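# Close look at the chain arrangement
Here is what each chain is made of, one letter per residue.
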Amino acid sequence: MERASHAVLGDINPELVNVYRCVRDRPMHLIAELDHHKRHHCPDYYYWVRQQHQLTEPVARAARLLYLNKTCYNGLYRENSRGQFNVPVGRYKNPAICDPDLLQSASNLLQGTDLDEFSFTTVLDWPLSSQDFVYFDPPYHPISSTSCFTSYNRYGFTTQDQMRLAEVFAKLAGLGVRVMLSNSDCDFIRDLYRGFNIHSIQAARAINSQARGRGKISELLITSY
Ligand SMILES: C[S@@+](CC[C@H](N)C(=O)[O-])C[C@H]1O[C@@H](n2cnc3c(N)ncnc32)[C@H](O)[C@@H]1O
């Protein structure tokens, strides 16, 4: 596949953007910090690390988030209203806390990529044309009352946000930009993107409070082209 001449990756969550920046710029330092967490991992250590909200050094913050993500309950990312990660420890025999080869490959791929903190509406301010491709990977619209997991960060992602995102998608498509978006397979999302190409795909998902909701589930991949 041809590499884009210039790529920008963005998210509203500054902690996630910091992780991507550390993977891109300081993979060896990040691997060393993760290895330290791996050697000390146990439930008491997990809750001690979870309390460390005040870390300022970027690699220490990134390693903390990755460590908690790999060892927490179901790999959830959820924050309380103060922006603090609040998921309990998971029960894994051998969690993949540090994969040096994977982190180094991801770092190589991210070289030359801009990583920024911004909301999806910002994309409309960019001078995009038919030469450009935009992919949106938003919080998924809940498909049932038990799958309502949209609070990745303290702002949440509401039904109105889904509608605003669909407007942004349609505006970009109107400019000729090739736009792609993933979301849950439900009538609300199918209606929002009516007129675009809607593909059902089978995706493996571990994030579900009920065992029968895990495994392969149908999701939507929507394209403007
Ligand atoms: C399904 S996750 C995708 C994560 C990301 N693609 C990755 O693989 O690391 C949805 C993401 O949407 C982000 N998000 C929530 N509201 C947003 C907004 N208004 N603008 C941009 N990103 C937002 C969340 O922080 C979360 O990381």
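Figured I'd write up the structure that's included with this text. Everything numeric in this text was worked out from a predicted model, so none of it was measured.

### Some details on the overall build of the protein chain
- Along its length, the protein chain carries seven helices and six strands.
- Scanning the protein chain from its N terminus toward the C terminus, one meets helices and strands in the order β-α-α-α-α-α-β-β-α-β-α-β-β.
- Out of the 225 residues belonging to the protein chain, those deemed buried represent 18%.
- Taking the contacts inside the protein chain whose residues are at least 6 apart along the sequence as the reference set, 70% of them involve residues at least 24 apart.

### As for the nonpolar core
- Judged by nonpolar contacts, the single largest core of 16 residues is most densely connected at V19, C22, L30, L34, A62, A63 and L66.
- Per element, the largest residue contribution to this core is seven residues, and it comes from helix α4 (residues 58–71).
- Ignoring any residue separated from it by four or fewer positions in sequence, one finds A63 in contact with L30, E33, L34 and H37.
- Judged by nonpolar contacts, the second largest core, of 12 residues, contains F169, L172, L181 and I189.

### As for the sheet that holds strand β5 (residues 197–205)
- Across the sheet, four strands lie side by side as β3-β4-β6-β5; this open sheet has mixed pairing. Among the strands making up the open sheet, the edge pair consists of β3 (133–136) and β5. Pairs of neighbouring strands in the sheet enclose a mean axial angle of 25°, with direction left out of account.
- On the sheet, helix α6 (residues 159–174) packs against β3 and β4 (178–184) and is oriented at approximately 155° with respect to β4.

### Considerations on the environment of A106
- Structurally, the position occupied by A106 is in helix α5 (residues 100–110).
- The exposure class assigned to A106 is partly exposed, which follows from the 14 C-beta atoms found within 10 Å.
- Residues A106 and V23, spaced 83 residues apart in sequence, show a C-alpha to C-alpha distance of 7.0 Å.

### Considerations on the packing of helix α1 (residues 14–25) against α5
- α5 packs onto α1 with a crossing angle of 95° between their chain directions and a minimal axis gap of 7 Å. Considering their axes alone, α1 and α5 lie roughly perpendicular with respect to each other. Each of Y20, V23 and R24 in α1 lies in contact with α5, whose residues at this interface are L103, A106, S107 and L110.
- Residue composition of the contact of α1 with α5, grouped by class: five nonpolar, one polar and one charged.

Scoring rules and cut-offs
- Residues numbered from 1 in each chain as written.
- Predicted model: local features only at pLDDT ≥ 70, side-chain atom pairs only at ≥ 80, totals over all residues.
- Helix = DSSP H or I, 4+ residues; strand = E, 2+ residues; numbered from the N terminus.
- Buried ≥ 20, exposed ≤ 12 C-beta atoms within 10 Å, placed from the backbone.
- Contact = placed C-beta atoms within 7 Å.
- Core = buried A, V, L, I, M, F, W, Y, C linked by C-beta atoms within 7 Å.
- Pairing = 2+ DSSP bridges.
- Axes fitted to C-alpha atoms, helices over the stretch in contact; angles between N-to-C directions.
- Parallel < 35°, antiparallel > 145°, perpendicular 65-115°, else oblique.
- Nonpolar A, V, L, I, M, F, W, Y, C, P; charged D, E, K, R; others polar.

Everything listed here is a matter of coordinates, which is why it stays silent on function.
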